[in-house]
Amino acid sequence: MSTQSQPAKQAQQLTPFASALAGALGACFSNAVVYPLDVAKTRIQVTSSAARGKRKDELNMLSMLLEIFKQEGINGWYRGFAATMLNTFSMQYAYFFFYSFIRSSYIKRITLKLPPGSRPPALSTAAELSLGAAAGALSQIFTIPVSVIATRQQVGRSVRESSQSSQGEGQTDESFIAVAREIVREDGVTGLWLGIKPGMVLTVNPAITYGVYERLKSLLLLASSVNGKLTPGTSFLLGAFSKTLATIVTYPYIMAKVRIQARTSDADASESEGLPGGLNGNIKPKAKHAGALGLLLRVLRKEGFVGWYQGMSAQIIKAVLSQALLFVSKEQFEHWALAIMVLFAKFTSRS
């Protein structure tokens, strides 16, 4: 009996590997459910209302979904799906792995300083934010090339050409490899890391999300008699609130990052500086990449403060639904991962 209970006891705590796998699978599931909304919000974010002549009522989620369907059919709603799922899995796996590893190491370090048998105190909000930011920065470095390719695929060649006034020389292949080669040909290997700077700033987004979520979760569990688990409904509400708060705080940089990766910001930079190859030019200049701060300043001059938040409602709808589903499904995936670990531990103990 003792030989069987020992493996089960060891498996009760998810390793960083299992926790990362549960988080990544949950993220893929939640993003797949709302994927058409993801494509629509990306199109809205890269569309400059001043440059493209779009009315504000044409830049909402429903109007964009209908426009994509009319022009590209239902396939347009799932443009770049495989690349986005790969990006989601790799990004979330890396984030959850680093977050679980750093958090568990930090808690162990605190526990060593306490008297034997003492329970470690709940982490402060500042500690949660710092750990989340560190995990987000590490995951960004390794996964942003896939994010750049996925963004280019979601936007589509026609949208990029209308922004850059380039004809693409008749090239229609928009597969993962073809888009990667196009990026390397235009910008070199470093082009795969476009948006890394605003991406690093945006590490505070998941940090705020998970920091607020974990903090509220610990407060709710402390105030109630629930045995270490929240109900799916409570997890959904906490996830929705946490992601909404994080999105509002960081949205200008979210918009800037998408425009930089899609290269729709380059034409605006050329036009504002009087370079050929802008919206009305016929000569394609050497690629000039706009920085996040420069882009935000140009948007402020052209569209005012509200331009920084163009498409935020679409971002919140997609992000809140996806993040809330992630929190709920992650709990379920953790249960499955724990069950697999118990079975695996029992199997190895018998052999």
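Criteria and cut-off values
Residues numbered from 1 in each chain as written. Predicted model: local features only at pLDDT ≥ 70, side-chain atom pairs only at ≥ 80, totals over all residues. Heavy atoms only, no water. pLDDT = per-residue confidence, 0-100. Helix = DSSP H or I, 4+ residues; strand = E, 2+ residues; numbered from the N terminus. Contact = heavy atoms within 4.5 Å. Phe/Tyr/Trp six-rings, centres within 6.5 Å; stacked < 30°, edge-to-face > 60°. Buried < 20%, exposed > 50% of the residue type's maximum accessible area, 1.4 Å probe, protein only. Expected span 1.5 Å × (residues − 1). Bend = angle between axes of the 7 residues up to and from the residue. Core = buried A, V, L, I, M, F, W, Y, C linked by side-chain atoms within 4.5 Å. 1 Å grid on protein atoms, 1.4 Å probe; cavity = no way out; pocket = protein on both sides within 12 Å on 5 of 7 lines; lining within 4 Å. Points joined across faces, edges and corners; volume = space filled by probe spheres on them. Nonpolar A, V, L, I, M, F, W, Y, C, P; charged D, E, K, R; others polar.

*Asks:* Talk me through the confidence of the model for the protein; I want residue IDs and the actual numbers.
*Replies:* One rule of thumb: low pLDDT means the predicted coordinates there are not for detailed reading. Predicted confidence across the protein gives a mean pLDDT of 76, with 77% of residues reaching 70 or more. Least confident of the elements in the protein is helix H1 (residues 2-11), whose mean pLDDT is 42; most confident is helix H6 (residues 74-77), at 89. Low confidence marks residues 1-11, where pLDDT is under 50. Its contacts with residues over four positions away, or in another chain, come to nine contacts. Throughout residues 165-170 the model reports pLDDT below 50, and contacts reaching past four residues in sequence, or to other chains, amount to eight contacts.

*Asks:* Account for the packing of aromatic side chains, naming residues and giving values.
*Replies:* Both the distance between ring centres and the angle between the ring planes are used here to describe each pair of aromatic rings. Applying the stated rule across the entire model yields 13 aromatic pairs. Ring centres 6.0 Å apart and planes at 20 degrees place the aromatic pair Tyr 35 and Tyr 78 in the stacked group. On the criterion of sequence distance, the pair formed by Tyr 35 in helix H3 (residues 35-46) and Tyr 78 in the loop between H6 and helix H7 (81-112) is long-range, its members being 43 residues apart. Residue Tyr 35 is classed as buried on the basis of its relative accessible area, which comes to 0%. The partly exposed category is assigned to Tyr 78, whose relative accessible area is 38%. When the centroid spacing of 5.7 Å and the interplanar angle of 70 degrees are considered together, the rings of Phe 97 and Phe 98 count as edge-to-face.

*Asks:* I'd love a proper account of helix H8 (residues 125-155), names of residues and values included.
*Replies:* Counted at 1.5 Å a residue, the expected span for H8 with its 31 residues is 45 Å, but the 37 Å between its end C-alpha atoms falls short. Considering bend angle alone, the principal kink of H8 is centred on Thr 143 and spans about 60 degrees; proline Pro 145 follows within four residues of it. Immediately beyond the C-terminal end of H8, within one or two residues, lies Gly 156, with a positive phi of roughly 90 degrees.

*Asks:* Could you give an account of the nonpolar core, with specific residues and numbers?
*Replies:* The biggest cluster of nonpolar side chains holds 24 residues, and the ones touching the most others in it are Ile 149, Ile 183, Met 255 and Leu 295. If you list the elements that add at least two residues to this core, you get H8, helix H10 (176-187), helix H13 (232-262), helix H15 (292-303) and helix H16 (312-350). Ranked by the residues each element gives to this core, the list is headed by H13, at six residues. Not counting residues up to four positions away in its chain, the partners in contact with Ile 183 are Val 148, Ile 149, Arg 152, Gly 188, Gly 191 and Leu 192. Val 34, Leu 59, Leu 65 and Met 85 belong to the second-largest nonpolar core, a separate cluster that totals 14 residues.

*Asks:* Explain empty space enclosed by the protein to me, using residue names and the numbers behind them.
*Replies:* Evaluation of the coordinates by the stated rule reveals four cavities of 30 Å³ or more. For the largest cavity, the calculated volume is near 890 Å³. In this structure, the largest cavity is lined by 37 residues; those nearest its centre are Asn 87, Met 91, Gln 92, Lys 257 and Lys 318. At the level of elements, helix H2 (16-33), H3, H7, H8, helix H12 (204-223), H13 and H16 are the ones that each hand at least two residues to the lining of the largest cavity. Counting residues per element, the lining of the largest cavity draws most heavily on H8, at eight residues. Of the residues belonging to the lining of the largest cavity, the class tally is 12 nonpolar, 20 polar and five charged.

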